[in-house]
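Each chain, written out:
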Amino acid sequence: MNIFAQEPKFGDITKEELEQKEYARDPAASAAVTYRKVDITYNYVKGVGFRVDKSVYERIKIFSAEGFEYGTISESLYQSGSDRESLGAIKAVTYNLEKGKIVKSKLDKRDVFSEEVNKYRLRKKFTMPNLKEGSVIEYQYRISSPFSYNIDEILLQYDIPIVQQVIEVAIPEYFVFNERTKGYLFFDIQKSRGSGSVSFTSTNRTSRGGFNAMGTSISSSSVDFFENVSLIRMNNVPALKEEPYVNNINNYRSSIKFELQYTKFPNSTIQNYTSDWEKVVKKIYDFETFGGQLNTSRYFKDDLNTVLQGKTTDEDKMIAIYQYVKNRMNWNGNYGYTSDEGVKKAYDSKTGNIADINLILVGMLRAAGLKVNPILISTRSHGIPLFPTLEGFNYVAASLDSNGNIVLLDATNKFAKPNLLPTRALNWLGRAVDENGSSKEFSLSPKIGANEMIMLDAELSDTGELNGALRRVLEDDYAAYIFRNSYEALDEESYLGKLEENYNGIEISEYSIKDKLNIGKPVMENFHFYGDDLVEFIGDKIYFSPLLWFARKENPFKLEKRVYPIDFTYPVKKKYMIKIDIPEGYQVDYIPEGIRLVMPEKQASFIYKLGANANSVQLYVEEQMNVPIVQAKNYTILKNYYKSIIEKQLEKVVLSKEEGNGNTESTTGGR
């Protein structure tokens, strides 16, 4: 890849670029950004004030069909009332090499689409035309924003490599920002000063005497100011490669965020903005759409009296109110820590956003005399709020103090229960907000795990067919919660189809389920099954994995080094008890040895025990992940731990035909 000595010109594409087959530093990359330029400037509009303009230019080389996804460009635009961000000045071209000639395909402006995400967000996107393996695409556009107090986070790292990028931000002296960096890449920020000016034009009416008594004069003036310029130049930026078990990869993506500290305009006082979490939370609490919604209870007073009839203990009151709100209210799919149109309206319509429902819950619990506060949360998809900012949170739940023990409540999911928050809310830390607007940091680490047990009894025929019965028990924790949320959206036929597919194509019959939606009890499945592709014949021997389709076949951890934590969401424990009757005329010739693995500090453990007699093979497996998060420093240990598990699970039991004298041919290995 060429490193441009200077900024390339739009359309200056060479055959060499189109002929390139891979990026030498990352040959597996499906695409690479060969050049990227982002300019952020402030421009003054008469009668409006300062606007923030962000100009983006990118050139991307597509190596394979998997890279086509980078040919779709999407931007989220913020809107509030009559103020809204806009995207324009789009110029986009795809270049291909056809019969030795460079062919251009320009984006048709009619192929730029807008979609309303919610009342605050508009998404604008376009897809580059005529994408092929080997294409080079380049595009430029400008986002103009009236929200001068905000500069969106600037990403410095993509899922594909960036060969060269230049980021330049020029901010008038009137706005003072803190620079917050995130991620694991090191980069320098070059500082300098630029200059700018604001021009004013005024029209004056003057008296000149005589018949033409009035005259018009036009005067112009300007105000000069300096700009603080931040410049970042980066070459050969590696792709941030995502593995399984990460809560939100963007939490670890290198980026820079400009956070407004204060403004100081000519002839005016300093206006301070948020600088610490206490001030942020106090400001949120003072919103009429947040704290103001907790000051009214008349709209639910009569219903609350009915709900509390016969309830004498605080726990009974908590459960009754919690169940009532869960059953009455329906989440409309919108997030937010502030009410959209007021909790009374949401209560009457029985529908609302996250804040509507959980602020109603807090209000009713308080009205019943319980000590409860709203707790501000950033969801897993929203990211970890590393720095104090009003945009750091997008969710609110309830935090109840029960004799010194904190109970977390969220009424937006029908299958949640006390201390079992929806998984979307399990994101490190939240902030419980007191009635005076003060706050306290609180861990969201789950107190409940996911426990699953599988009992299987089957008979193996001499032709390799397996017939048996299976019982699966999901404890009333995250195991049942995940199942119930998934099962509710499917009819039984669709569910069994997916189950058969996941279980190596077995055929399921006589299926029954108990307490599938009954919170407070475990989910219990029972069914019979038939499978004919679970063993291997080599000569007169039968080979099979005693864990059958439950055996892991591939290590989910493949990176040489991982710089971000391994997030399992909640602790997990699985048990398997399997008995397989062997065919008549066969004996067990070899069974793998048992194994016990334990990670440091007992973060995880694995037990694998095998036994055999003349008629059957018995297996007991217990796999535990005792912590929701494993730190990146233990990645290699965890990777090797999984490697050992997979190697053991893939070992085969060997059955041999009995000889006429009752002896059995032996294989390498032993009992």
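The paragraphs below set out a description of the structure included in this document.

Conventions used here
Residues numbered from 1 in each chain as written. Predicted model: local features only at pLDDT ≥ 70, side-chain atom pairs only at ≥ 80, totals over all residues. Heavy atoms only, no water. Helix = DSSP H or I, 4+ residues; strand = E, 2+ residues; numbered from the N terminus. Buried < 20%, exposed > 50% of the residue type's maximum accessible area, 1.4 Å probe, protein only. Areas by Shrake-Rupley, 256 points an atom, 1.4 Å probe, with all protein chains shown as cover. Pairing = 2+ DSSP bridges. Axes fitted to C-alpha atoms, helices over the stretch in contact; angles between N-to-C directions. Polar contact = N/O pair within 3.5 Å; in protein donor to acceptor, adjacent residues only side chain to side chain. Contact = heavy atoms within 4.5 Å. Core = buried A, V, L, I, M, F, W, Y, C linked by side-chain atoms within 4.5 Å. 1 Å grid on protein atoms, 1.4 Å probe; cavity = no way out; pocket = protein on both sides within 12 Å on 5 of 7 lines; lining within 4 Å. Points joined across faces, edges and corners; volume = space filled by probe spheres on them. Nonpolar A, V, L, I, M, F, W, Y, C, P; charged D, E, K, R; others polar. Parallel < 35°, antiparallel > 145°, perpendicular 65-115°, else oblique. Left-handed = near helix turned anticlockwise from the far one by under 90°. Phe/Tyr/Trp six-rings, centres within 6.5 Å; stacked < 30°, edge-to-face > 60°. Lys NZ or Arg CZ within 6 Å of the ring centre and 35° of its normal. Expected span 1.5 Å × (residues − 1).

### Here we look at the overall build of the protein chain
If you tally the helices and strands in the protein chain, you get nine helices and 37 strands. Taken over the C-alpha atoms alone, the protein chain extends approximately 135 × 80 × 45 Å along its principal axes. By the burial criterion, 48% of the 671 residues in the protein chain qualify as buried. For the protein chain, the computed accessible surface area is about 33500 Å², with 46% contributed by carbon and sulfur atoms.

### Focus on the sheet that holds strand 29 (residues 541–544)
Backbone-to-backbone hydrogen bonds join strands into a sheet, with any given pair of strands oriented parallel or antiparallel. Pairing in this open sheet of four strands is antiparallel, and the strands run 28-29-37-32 from one edge to the other. Each edge of the open sheet is held by one strand with a lone partner, namely strand 28 (536–538) and strand 32 (586–590). Direction aside, the axes of adjacent strands within the sheet are offset by 30 degrees on average.

### A look at unusual backbone geometry
Phi at E510 takes a positive value of approximately 50 degrees, unusual for a residue other than glycine. In this structure, K602 takes a positive phi of about 55 degrees despite not being glycine. Along the chain, K602 turns up in the loop between strand 33 (595–598) and strand 34 (604–612).

### Notes on the sheet that holds strand 7 (residues 112–116)
The antiparallel open sheet is built from four strands, whose spatial order is 4-3-8-7. For this open sheet the edge positions go to strand 4 (83–84) and strand 7, each flanked by a neighbour on one side alone. By the bridge criterion, seven bridges tie strand 3 (residues 72–80) to strand 8 (residues 121–127) in an arrangement that is antiparallel. Each bridged residue has a counterpart across the sheet, and for I73 the counterpart in strand 8 is F126.

### Some details on the side chain of S339
Along the chain, the position of S339 falls in the loop between strand 17 (330–331) and helix 5 (343–349). At 2.8 Å, the side chain of S339 forms a polar contact with the backbone nitrogen of G342. Sequence-distant contacts of S339, defined by excluding residues within four places in its chain, comprise T289, Q293, N353, A355 and D356.

### Remarks on the nonpolar core
Grouped together as the largest cluster of nonpolar side chains are 118 residues, with contacts concentrated most on I321 and W549. For this core, the leading source of residues is helix 6 (residues 354–367), giving nine residues. With residues near it in sequence (within four places) discarded, I321 still touches L304, V307, L308, L361, M364, L365 and A368. Counting residues in each nonpolar core, the second largest holds 47 residues, with I73, V112, Y139 and Y174 among its members.

### Comments concerning the layout of surface pockets
Space inside the second largest pocket adds up to approximately 1100 Å³. Of all the elements in the fold, those that place two or more residues in the lining of the second largest pocket are strand 24 (450–460), strand 25 (466–474), helix 7 (478–488), helix 8 (492–502), strand 31 (572–581), strand 35 (616–625) and helix 9 (635–649). Top element by residues in the lining of the second largest pocket is helix 7. It accounts for five residues. Residues of the lining of the second largest pocket, tallied by class, amount to 24 nonpolar, five polar and six charged.

### Quick notes on the environment of N228
Secondary-structure assignment places N228 in strand 14 (residues 214–237). Judged by its relative accessible area of 34%, N228 is partly exposed. Separated by 88 residues in the primary sequence, N228 and D316 have C-alpha atoms spaced 59 Å apart. Non-local contacts of N228, meaning those with residues more than four positions away in its chain, are made with V169, A170, I171, E173, S192 and R193.

### A look at the packing of helix 4 (residues 314–328) against helix 6
Each packed pair of helices is defined by two parameters, the angle between the axes and the distance between the axes. At their nearest, the axes of helix 4 and helix 6 sit 10 Å apart, and the two run at 150 degrees to each other. As summarised for this structure, helix 4 and helix 6 are arranged roughly antiparallel, according to the angle between their axes. The handedness of the crossing between helix 4 and helix 6 is right-handed. Taking contact as the criterion, the partners of M318, I321, Y322, Y324 and V325 in helix 4 are, on helix 6, I357, L361, M364 and L365. Residues belonging to the contact of helix 4 with helix 6 are distributed by class as follows: nine nonpolar, no polar and no charged.

### Structural notes on the pairing of strand 33
Taken together, the four bridges between strand 33 and strand 34 define a ladder with antiparallel strand orientation. Bridged to R596 within strand 34 is I607. Adjacent in sequence and paired antiparallel, strand 33 and strand 34 are bridged by five residues, among which E601 carries a positive phi angle near 60 degrees.

### A look at the packing of aromatic side chains
For the structure on display, the rule yields 44 aromatic pairs. Pairing F10 with Y57 gives two aromatic rings, centres 6.0 Å apart and planes at 50 degrees, and the pair type is tilted. Placement of F10 in the segment before helix 1 (15–19) and of Y57 in strand 2 (residues 49–62) is noted, with a sequence separation of 47 residues between them. Accessibility expressed as a relative area gives 7% for Y57, which makes it buried. Taking 6.0 Å as the distance between ring centres and 90 degrees as the angle between the ring planes, the aromatic pair formed by F557 and Y635 counts as edge-to-face. In this pair, F557 is assigned in the loop between strand 29 and strand 30 (566–567) and Y635 in helix 9, connecting sequence segments 78 residues apart. Accessibility classification places F557 together with Y635 in one group, the buried group. Put simply, the rings of Y42, Y44, F50, Y174, F175, F225 and F265 touch in pairs and so form one group of aromatic residues. Over the ring of F226 we find R193, and its NZ or CZ is 3.6 Å from the ring centre. Looking at R328, its charged tip hangs above the ring of Y347, at a distance of 3.8 Å from the centre.

### Some words on helix 6
A rise of 1.5 Å per residue sets the reference length of helix 6, with its 14 residues, at 20 Å; its end C-alpha atoms lie 20 Å apart and thus fit the reference within 8%. Taking burial as the measure, the 14 residues of helix 6 include 13 buried ones, the bulk of the element. Of the residues that open helix 6, the one with a side-chain oxygen 3.2 Å from the backbone nitrogen of A355 is N353. Looking one or two places after helix 6, you find G369, whose phi comes out positive at around 90 degrees.

### Quick notes on the environment of L359
Mapped onto the elements, L359 comes out in helix 6. Among the residues examined, L359 registers a relative accessible area of 1% and is labelled buried. The sequence separation of L359 and R84 amounts to 275 residues, and the corresponding C-alpha distance is 28 Å. The residues touching L359, leaving out its near neighbours within four places in the chain, are T289, F290, Q293, L294, Y337, V343 and P374.

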